[in-house]
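# Coordinate analysis (summary)
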Amino acid sequence: FGDEWQVLPSEPKIFHEVAHPQFPELCIKPEDPRGERKRRLSESNISIEQAEAACGAALTDPLSIKDCVYDILATQDLDMVGAF
């Protein structure tokens, strides 16, 4: 998202020193030492039902349950329930 966050010449300066790259030069993208990463939901070990059951047993607020389910599915860690 670096290019979308670049400060344009028409916008006020927020830093004392100008560092490169500056618009219209593109941002320098970091290298990914582990190669391209993608989420592989088909390889998930924890199902949505398991995550909902774990979160529903520990929480009562629907929004917190939804956030909890998301975190468990993203991390593949049922112990994330304890974070809530």
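Here, the structure is the one placed above.
Thresholds, definitions, all that
Residues numbered from 1 in each chain as written. Predicted model: local features only at pLDDT ≥ 70, side-chain atom pairs only at ≥ 80, totals over all residues. Heavy atoms only, no water. Helix = DSSP H or I, 4+ residues; strand = E, 2+ residues; numbered from the N terminus. 1 Å grid on protein atoms, 1.4 Å probe; cavity = no way out; pocket = protein on both sides within 12 Å on 5 of 7 lines; lining within 4 Å. Points joined across faces, edges and corners; volume = space filled by probe spheres on them. Nonpolar A, V, L, I, M, F, W, Y, C, P; charged D, E, K, R; others polar.

Residue His20 is joined to Pro21 through a cis peptide bond whose omega torsion reads 5°. Relative to the assigned elements, Pro21 resides in the segment before helix H1 (48-58). Note the cis peptide between Phe23 and Pro24, where omega equals 15°. By the element assignment, Pro24 lies in the segment before H1. Notably, Gln76 is not glycine yet its phi reads approximately 60°, a positive angle. Along the polypeptide, Gln76 turns up in the segment after helix H2 (62-75).

The next thing to look at is the layout of surface pockets. Quantified by volume, the largest pocket comes out at close to 300 Å³. Lining the largest pocket are 14 residues, and of these Val7, Phe15, Ala19, Pro21 and Gln22 lie nearest its centre. For the lining of the largest pocket, a count of residues per class yields 9 nonpolar, 3 polar and 2 charged.

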